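Given next are the chains, with one letter for each unit.
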Amino acid sequence: MPAEVAEAARAARSAFAERFGRPPQGLWAAPARVNLIGEHTDYNDGFVLPFAIGRHVTVAAARRGDDLLRLVSLQKGTATLRLGDLAGARPGTVDGWAAYAAGPLWLLARDGVQVGGLDLLLTSDVPVGSGLSSSAAVECATLLAARDLYGGPDEPARLARLAQRAENEVVGVPSGIMDQMASMACRAGHALLLDCRSLASDQVPLALDDAGLVLLVVDTRVSHALADGAYAERRRTCEQAAGILGMAALRDATEADLDAARDRLGELRYRRARHVVRENARVHAVVDLLRRGRPDLIGDRLTASHASLRDDYQVSAAELDTAVEAALAAGALGARMTGAGFGGCALALAPAAAATAITDAVAAAFADHGLRPPEVFATRPTDGARRLA
Ligand code: GLA
C-alpha cells in the first residue's frame, strides 16, 4: 500500500473509533483521476483515457442495526439521515456534500440490495472543484464500503454506473461515466481506455519512468462548478447535433458527416461536434503510441486537444491557457486542460529533467498575469478503488 494511503487509512481508523466508539468493520479508498485525453467525449458515447492519481477519498465504515446513516467527513463536518429519507431521492433530497456519500446507497438499494444503516467516516486529500473528480472518489469509496458490508455487484462497470447515477439523479449533475469508471477500474502504471458506449475497457501501459518522463498537474485553484449550466449546455448542444445528423450520438459521426451537414448544424453545433469527432480520433492515436511504447510522442495530441477545447468547444479559461502556454514554452512535450474545464487543472507531459523549470515557469507566468499562484505537482498512474482492510 503506498505510504500516503496507509497514513490516511490509519487516520480514518482512529478517527472512526473516536467518533463512533467502536472499530470500523473495514477501510476503503477510491482515487481521484486525471484524464490523459478524451475530453467531453464520454457523454457522446465516445472514448476516454483517464488514469487514477495518488490522491484519495478514504472511508472507514461499519454496519448499524437500525436504518440510520451517520456520516462524518473530516473535512466537511457531519450529517445524519435515515435510509428511509432516501427513498425516491432526487437532487435536493440530501443537501451538500452528504449527497455524494448517501446517493450511492440509494442506488444500491434500488438495485435490489437490502442496505441497512451505516456509520461512515470519510477523509480526503483530493482538492474539491479542481476537476480531479473529488465527487466520483467519494461516490466510489462509499459505494464500495456499502457493497462489501451489505452485498451488491462485483463488476467495476456496474458499480461505476450506480455511482454515476447517484451523481446524475441525487446530486443533480448530468456528468458522463468517465470519472466513476476511472476511480473504480484504473490500474497502477496504466491509463484506462474506455468505450463509453459499451463500457468495454482496456488497460494501456503508461510507462513514464522508463521513458524519463513526468506528468505534471497544474491546479489553477480556480474552482469550477459543474452544476452552473455550462456543462449541461455543452451536453445538450451535442445531443442536438447528433439529432440533426440522425445519429444516436456524436460517437457515430465522421468529419465528412459534419461537413456535409454544416449548414443544417449551424456554426456553433458544427464546432462543438468537430471537437468531439477529432478528440475521439486523438484518443485512438495516443493509445496506438502508448501501446508501441512511445509516450514521448503523444505530446502533440495533448496540445491539439487543448486547442480544440479552447477554440471549438470553448471550455478553457485564462488560467488553463496560461498554464499550457507556459509549460510548453519551458519544455513540456505537450499540455492540455483536463476535466470539464472552466478552471480546475491542466496537465503537462515533460522530460523529467524539465520538471523544475516548467514548475517555475508556470508560477512566473501566473504572477505576470496577476493570477493566484497555482499548485503544481507530479503524478503517476495508481490503482483504482479498493478495500484496504
Ligand atoms: C466531468 C464529467 C465527466 C466528463 C468530463 C469532461 O469530469 O464528470 O463525465 O464529461 O467532465 O470530459
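All values derive from a computational prediction rather than experimental measurement.

Draft legend 1. Up close: the pattern of salt bridges. Scanning the entire structure with this criterion turns up 31 salt bridges. A salt bridge links Asp148 to Arg387; the shortest N-O distance between them is 3.7 Å. Note that Asp148 is positioned in helix 3 (residues 134–150) and Arg387 in strand 13 (residues 386–387), a separation of 239 residues in sequence. Look at Arg387 and you get partly exposed, because its relative accessible area is 40%. Note that Glu279 and Arg336 form a salt bridge whose closest N and O atoms lie 3.9 Å from each other. With Glu279 in helix 9 (residues 267–291) and Arg336 in strand 10 (residues 334–338), this pair connects stretches of sequence that are 57 residues apart. Arg336 shares its class with Glu279; the two are buried. Each of Arg22, Arg64, Asp66, Arg70 and Asp119 takes part in salt bridges that share partners, so that together they form one network.

Draft legend 2. Structural context of the state of the cysteines. What the rule picks out here adds up to 0 disulfides. With no disulfide of its own, Cys186 lies closest to Cys140 among cysteine sulfurs, the gap being 10 Å. Free of any disulfide, Cys345 has its nearest neighbouring cysteine sulfur in Cys186, separated by 16 Å.

Draft legend 3. Representation of the sheet that holds strand 1 (residues 26–35) within the structure. Across the sheet, 6 strands lie side by side as 5-4-6-3-1-13; this open sheet has mixed pairing. Each of the sheet's edge strands pairs with one partner strand only, and the pair in question is strand 5 (77–82) and strand 13. Where helix 3 meets the sheet, it contacts strand 1, strand 3 (50–63), strand 6 (118–124) and strand 13, and its direction lies at approximately 40° from that of strand 3. In this fold helix 5 (residues 178–185) packs onto strand 1 and strand 3, with an angle of close to 125° to the strand it touches most, strand 1.

Draft legend 4. How the structure looks around the packing of aromatic side chains. Applying the stated criterion across every chain yields a total of 2 aromatic pairs. Plain terms: the ring middles of Phe16 and Phe20 are 4.7 Å apart, the flat faces sit at 50° to each other, and that makes the pair tilted. One end of the pair, Phe16, and the other, Phe20, are both in helix 1 (residues 3–20), 4 residues apart, so they sit about a helical turn from each other. With respect to class, Phe16 is no different from Phe20; both count as buried. Judged by centre distance (5.4 Å) and plane angle (70°), the rings of Tyr43 and Tyr231 are edge-to-face.

Draft legend 5. Layout of the sheet that holds strand 12 (residues 375–379). Pairing in this open sheet of 4 strands is antiparallel, and the strands run 10-11-9-12 from one edge to the other. The two strands at the open ends of the sheet, each matched to only one other strand, are strand 10 and strand 12. Across the sheet, the mean angle separating the axes of adjacent strands is 25° when strand polarity is ignored. Note that strand 10 and strand 11 (residues 345–351) share 5 bridges and pair antiparallel. Within strand 11, the residue paired with Gly334 across the bridge is Leu349. Taken strand by strand, helix 10 (residues 299–311) contacts strand 10 and strand 11, and its axis lies near 40° from that of strand 10. Together, strand 9 (213–219), strand 10 and strand 11 form the strand contacts of helix 11 (residues 318–329), whose direction differs from that of strand 10 by roughly 165°.

Draft legend 6. Just the layout of surface pockets, in detail. Taken as a whole, the largest pocket encloses approximately 710 Å³ of empty space. Lining the largest pocket are 40 residues, and of these Tyr100, Val128, Gly129, Ser134 and Ser135 sit closest to its centre. Roughly 190 Å³ of internal volume is contained in the second largest pocket. Taken together, 13 residues line the second largest pocket, and the ones lying closest to its centre are Gly54, Ala378, Thr379, Arg380 and Thr382. Residue assignment for the lining of the second largest pocket shows that the elements contributing at least two residues are strand 3, strand 9 and strand 12. The residue makeup of the lining of the second largest pocket, split by class, is 6 nonpolar, 3 polar and 4 charged.

Draft legend 7. Broad picture of the environment of Arg33. Within the element layout of this structure, Arg33 appears in strand 1. Accessibility expressed as a relative area gives 3% for Arg33, which makes it buried. In this structure, the C-alpha to C-alpha distance between Arg33 and Met184, residues 151 residues apart in sequence, is 10 Å. Leave out the neighbours within four places in its chain, and Arg33 touches Pro50, Phe51, Ala52, Ile53, Gly131, Leu132, Ser133, Met178, Asp179, Ala182 and Gly339. Side chain to side chain, Arg33 and Asp179 meet in a polar contact 2.7 Å long.

Draft legend 8. A look at the nonpolar core. In terms of nonpolar packing, the biggest core is built from 88 residues, with Leu36, Leu49, Val59, Leu69, Leu71, Leu86 and Leu132 touching the most fellow members. For this core, the element with the most residues is helix 3, which contributes 10 residues. Other than its neighbours up to four places away in sequence, Leu132 contacts Ala32, Arg33, Val34, Ile53, Val126, Pro127, Val217, Cys345 and Phe377. Grouped together as the second largest cluster of nonpolar side chains are 39 residues, Ala241, Leu258, Val324 and Phe366 included.

What counts, and at which threshold
- Numbering of residues starts from 1 in every chain and runs along the sequence as written.
- Local features in a predicted model are, by the rule used here, given only for residues with pLDDT of at least 70; side-chain atom pairs are given and counted only at 80 or more, and totals for whole chains, interfaces and linings are based on all residues.
- The basis for every side-chain value is the complete set of non-hydrogen atoms in the structure, without hydrogens or water.
- One speaks of a salt bridge when a side-chain nitrogen belonging to Lys or Arg is within 4 Å of a carboxyl oxygen belonging to Asp or Glu.
- Think of it this way: any DSSP run of H or I at least four residues long counts as a helix, any run of E at least two long counts as a strand, and we number them from the N terminus.
- In this scheme, a residue with accessible area under 20% of its type's maximum is buried, one over 50% is exposed, and one in between is partly exposed, where area comes from a 1.4 Å probe on protein chains only.
- The criterion for a disulfide is a pair of cysteine sulfur atoms lying within 2.5 Å.
- Note on pairing: DSSP must find at least two bridges between two strands before they are called paired.
- Any pair of residues with heavy atoms lying within 4.5 Å of one another is described as a contacting pair.
- Axis angles are defined between N-to-C directions and span 0 to 180 degrees, where every axis is a line fitted to C-alpha atoms and, for a helix, only to the segment in contact.
- Note on ring pairs: Phe, Tyr and Trp rings are taken, using the six-membered ring of Trp, and paired if centres are within 6.5 Å. Classes follow the plane angle, with under 30 degrees stacked, over 60 edge-to-face and the rest tilted.
- Every definition here rests on a 1 Å grid over the protein atoms only: cavities are sets of points where a 1.4 Å probe fits but cannot get out, pockets are open sets enclosed by protein on both sides within 12 Å along at least five of seven lines, and lining residues have some atom within 4 Å of a point.
- Grid points are joined across faces, edges and corners, and a volume is the space filled by probe spheres set on the points.
- Residue type decides the class: Asp, Glu, Lys and Arg count as charged, Ala, Val, Leu, Ile, Met, Phe, Trp, Tyr, Cys and Pro as nonpolar, and the leftover types, Gly among them, as polar.
- For this analysis, a polar contact is any N or O atom pair within 3.5 Å, provided that within protein one partner can donate a hydrogen and the other can accept it, and provided that sequence-adjacent residues contribute only side-chain to side-chain pairs.
- Within this scheme, the nonpolar core is defined by two criteria: the residues are buried Ala, Val, Leu, Ile, Met, Phe, Trp, Tyr or Cys, and they are joined through side-chain atoms within 4.5 Å.

Read these as geometric descriptors, not functional statements.
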